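Each chain, letter by letter, is given below.
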Amino acid sequence: MIDQLYRKAVLTVAERPQVEKLARDKMWPLAQRFVAGEDIQSAISAVQELQKDGIQGNLDLLGEFIDSPEQCNEFADNVLKLIDAAHAAGIKPYVSVKLSSVGQGKDDGGTDLGLKNARRIIGKAKEYGGFVCLDMEDHPRTDITLEQFRVLVGEFGAEHVGTVLQSYLYRSLKDRAGLDDLKPNIRMVKGAYLEPETVAYPDKADVDQNYRRLVYAHLKAGNSCNVATHDEKIIDDVKRFVLAHGISKDQFEFQMLYGIRRDLQKSLAAEGYRVRAYIPYGRDWYAYFSRRIAETPRNAMFVARGMLKG
Ligand code: FDA
C-alpha cells in the first residue's frame, strides 16, 4: 500500500509540465545511469560493454506521445533501423516494443496498425535469427496485446516473439495458463503502472507471491521464462526451484534493467546463468526515467544527491 502511495506521488509530480521541463534540462546526466544514450550507437555500445561481463542486451527505443499513424510508422521504421544496426554490429537483435507506440488500436485499412508494424519488426528480427518482446502496458491494453501476441506467434513462431505478464494483475495466472498451447516465451514482471484495486493487488506481498506462482507454473509447463526482477529473494527462490525440479539453465534467463543492480547482474552471469539487461535509449527518456524513480525512494535519493552536487 505504501509502495503504491509513493509511486502515485512521484508519478503525479513527474507528469506536471513545469517539472518535466526542469527535469529535461537538469537531469540528463543523472538519467544516463538508467538510459544508454540518445542514439542507436550508444545503445549498441552499451550492449557490447555488457557482453564483456557475459550479459546480453534487450534493446528498447524509448517513445512517448507517439500519436498519429505517421508517427507510429516512423517509430517502427526506427526500430527496423535499430535491428539492422545491431545485426551489422554482430549482435543478434533482441528488442522490446510497446505496441501502443507502433499504432495498436488504430485502424489502418481494416487491420490494426500496431499489428501491421509489429509484423514488419518481427519479420526483420526473424531474418537475423533475432527476437522481439512485446512489452506489457497498462491493463486496458492487456487483452488486445495478448490477442495480437497469439496471432504473431502463429505467424512467426514462439522463438521470435514473446510477451510479458504482470504479477500485480489478478488475471495473470489465468492468462498464463491460457497461453500454454503456444509454448510461449514470457517475461514475468511485477508491473510498473498505476493500477486500481479492481484489477491489481494493492499489497506488495501479494504481488511478490503471485510473481513466484507465475514463474514456477511457467517453468513447470516446460516454457521459456524470463525472470525479470531485481528482487534478490525471488531470484534465490527461483534458483532453488530450478535446482529442485531439474530445470535446465537454458530454459530461463534473469533479466534486469540497465543500470540497476549491476553487481547482481554480473554475479549471476559469473555463476553461469543467462542474464539480459533491458537497455533503453532515445530522446524520449523522461517518462521512463520517472517510472524508475517511482519504483524506489533509493533512486529519488540518487537524483536528489546528484542535483545537490550541481
Ligand atoms: P521490487 O520493486 O520489489 O524491487 C525489489 C528490489 O529491487 C528493491 O528492494 C530494490 O533493491 C531493487 N529495485 C527495484 N527497482 C529498482 C530501481 N528502479 N532502482 C533500484 N533498485 C531497484 N513492467 C511492466 O509493467 N511492463 C513491462 O513490459 C516491463 N518490462 C520489464 C522488463 C525488465 C527486464 C524488467 C527488469 C522490468 C520490467 N518491468 C515492466 C518493470 C517491472 O514491472 C517492475 O516495475 C520493476 O522491475 C521493479 O520491480 P522488481 O521486480 O525489481 O521488484
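These figures come from a predicted structure and were not determined experimentally.

Before going further, it helps to spend a moment on the packing of helix α9 (residues 204–220) against helix α10 (residues 232–244). At a closest axis distance of 11 Å, the pairing of α9 and α10 adopts a crossing angle of 25°. Taken as axis vectors, α9 and α10 run roughly parallel relative to one another. Helix-helix and strand crossings are classified by hand; for α9 and α10 the assignment is right-handed. Listed contacts from α10 to Asp 208, Tyr 211, Arg 212, Val 215, Tyr 216, Leu 219 and Lys 220 of α9 are Lys 233, Ile 234, Asp 237, Val 238, Phe 241 and Val 242. Residues that form the contact of α9 with α10 fall into these classes: eight nonpolar, no polar and five charged.

With that settled, the discussion passes to the domain arrangement of the chain. Many structure descriptions define interface size as the accessible area lost when the parts assemble. Each assigned domain of the chain is listed here: domain 1 (1–35 + 294–310) and domain 2 (36–284). Placing a centre on the C-alpha atoms of domain 1 and another on those of domain 2 gives a separation of 24 Å. Contact with domain 1, which involves 13 residues of that partner, is made by 23 residues of domain 2. At the boundary of domain 1 with domain 2, total buried surface from both sides reaches about 1,400 Å², with 50% on carbon and sulfur atoms. Here domain 1 and domain 2 share zero salt bridges between them. The interface formed by domain 1 and domain 2 includes two residue pairs in polar contact (both at pLDDT 80 or more). A total of five residues in the side of domain 1 that touches domain 2 trace back to one element, the largest contributor, which is helix α1 (residues 2–14). Classifying every residue of the side of domain 1 that touches domain 2 by side-chain character gives five nonpolar, two polar and six charged.

Looking now at unusual backbone geometry. Even without being a glycine, Lys 183 presents a positive backbone phi close to 50°. Structurally, the position occupied by Lys 183 is in the loop between α8 (172–179) and β7 (186–189). Although it is not a glycine, Arg 261 sits at a positive phi angle of roughly 45°. Looking at the element boundaries, Arg 261 is found in the loop between β9 (252–257) and α11 (262–270).

A few words on the sheet that holds β7. The parallel closed barrel is built from eight strands, whose spatial order is β1-β2-β5-β6-β7-β8-β9-β10. Between one strand axis and the next, the sheet turns through 30° on average, direction left out of account. Of the strands in this sheet, β2 (94–97), β5 (131–134) and β6 (161–166) touch helix α6 (residues 113–127), which is tilted by about 150° from β5.

Taking 1.5 Å per residue, 17 residues should reach 24 Å; α9 reaches 24 Å between its end C-alpha atoms and fits that length. Listed as buried for α9 are Val 207, Asp 208, Asn 210, Tyr 211, Leu 214, Val 215, His 218 and Leu 219. The buried residues of α9 all sit within an arc of 165° when viewed along its axis, so they share a single face. α9 presents Ala 205 and Lys 220 as exposed residues on the side facing more than 90 degrees away from its buried surface. Turning to α9, the residues buried within the fold contact β6, α8, β7, β8 (225–228), α10 and β9. At the C-terminal side of α9, Gly 222 shows a positive phi close to 85°.

Next up on the list: the pairing of β5. Alternating positions in β5 separate into two faces, Phe 131 and Cys 133 on one and Val 132 and Leu 134 on the other, with burial throughout. Here β2 pairs with β5 via four bridges, running parallel. If you follow Val 97 over to β5, its bridge partner there is Leu 134. Taken together, β5, helix α7 (residues 142–156) and β6 constitute a β-α-β crossover, and its handedness is right-handed.

Basis of the calculations
- Residues numbered from 1 in each chain as written.
- Predicted model: local features only at pLDDT ≥ 70, side-chain atom pairs only at ≥ 80, totals over all residues.
- Heavy atoms only, no water.
- Axes fitted to C-alpha atoms, helices over the stretch in contact; angles between N-to-C directions.
- Helix = DSSP H or I, 4+ residues; strand = E, 2+ residues; numbered from the N terminus.
- Parallel < 35°, antiparallel > 145°, perpendicular 65-115°, else oblique.
- Left-handed = near helix turned anticlockwise from the far one by under 90°.
- Contact = heavy atoms within 4.5 Å.
- Nonpolar A, V, L, I, M, F, W, Y, C, P; charged D, E, K, R; others polar.
- Domains from an automatic or database assignment.
- Buried area = accessible area lost by both parts, 1.4 Å probe.
- Salt bridge = Lys/Arg side-chain N within 4 Å of Asp/Glu carboxyl O.
- Polar contact = N/O pair within 3.5 Å; in protein donor to acceptor, adjacent residues only side chain to side chain.
- Pairing = 2+ DSSP bridges.
- Expected span 1.5 Å × (residues − 1).
- Buried < 20%, exposed > 50% of the residue type's maximum accessible area, 1.4 Å probe, protein only.
- Arc of directions from axis to C-beta.
- Right-handed = clockwise from strand over helix to strand, strands pointing away.

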